[in-house]
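Spelled out from the first residue to the last, the chains are:
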Amino acid sequence: MSDLKRHIGQKVALATAVFCALLALPAFGLFVWLWMERGLADTWVPSALAAVGFLGACTVVLYVISRPQPPLPNEDAAVDH
């Protein structure tokens, strides 16, 4: 396992990513239910799908933000020109 640790902002981003992923599940269920009950012609169906897409994108972005990063090199390190 890696020695890299998440700082507090990355932990918050990870928790929010998990929350968004959990919210996407009932939104997807709502989309399927609306699709079966009302059909694609109803305006609520694409809106529910857009909510699923939005929550999924938020999950991915927040997870990438939450990944621990390697430390930056020292400023005093020799630079090759």
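Here is what the cut-offs are and how they apply
- Here the residue index of a chain counts from 1 through its sequence in written order.
- Residues qualify for local features only when their pLDDT is at least 70, as the model is predicted, and side-chain atom pairs are given and counted only at 80 or more; totals for whole chains, interfaces and linings, by contrast, use all residues.
- Based on all heavy atoms of the structure, the side-chain values leave hydrogens and waters out of the count.
- A helix here means a DSSP run of H or I that spans at least four residues, while a strand means a run of E at least two residues long, and both kinds are numbered starting from the N terminus.
- Whenever two N or O atoms come within 3.5 Å, that pair is a polar contact, provided that in protein one can donate a hydrogen and the other can accept it, and provided that, for residues adjacent in sequence, both atoms are side-chain atoms.
- When checking whether two residues touch, look at their non-hydrogen atoms; a contact exists if any pair is within 4.5 Å.
- Multiplying 1.5 Å by the residue count of a helix minus one yields the expected span of that helix.
- A simple rule labels every residue: compare its accessible area, found with a 1.4 Å probe on the protein chains alone, to the largest value its type can have, and call it buried under 20%, exposed over 50%, or partly exposed in between.
- Only residues whose relative accessible area exceeds 30% and that form no salt bridge enter a patch; like-charged residues are grouped when within 9 Å of one another, and nonpolar side chains (Val, Leu, Ile, Met, Phe, Trp, Tyr) when within 5 Å.
- Surface accessibility follows the Shrake-Rupley procedure with a 1.4 Å probe radius. Residue values consider only the protein chains on display as shielding.
- A side-chain nitrogen of Lys or Arg and a carboxyl oxygen of Asp or Glu constitute a salt bridge if their distance falls within 4 Å.

This part takes up the side chain of Ser66. Looking at the element boundaries, Ser66 is found in helix H2 (residues 44-66). At a separation of 2.7 Å, a polar atom in the side chain of Ser66 contacts the main-chain carbonyl oxygen of Tyr63. Setting aside chain neighbours within four positions, we find Ser66 in contact with Arg6, Gln10, Ala13 and Leu14.

This brings us to H2. The end-to-end C-alpha separation of H2 is 33 Å, in line with the 33 Å expected for 23 residues at 1.5 Å each. Residues of H2 that are buried include every one of Val45, Ala48, Val52, Leu55, Thr59, Leu62 and Ser66, and no others. Contacts from the buried residues of H2 go to helix H1 (8-38).

A cluster of nonpolar side chains, contributed by Phe28, Val32, Trp35, Met36 and Leu40, occupies part of the molecular surface with about 510 Å² of accessible area. Along the chain, Phe28 falls in helix H1. Judged by relative accessible area, Phe28 falls into the partly exposed class, the value being 44%.

Here Trp35 shows up in helix H1. Classification of Trp35 by relative accessible area gives partly exposed; the value is 37%. For the pair Trp35 and Val45, spaced 10 residues apart in sequence, the C-alpha separation works out to 5.9 Å. In contact with Trp35, other than residues within four places in its own chain, are Leu40 and Val45.

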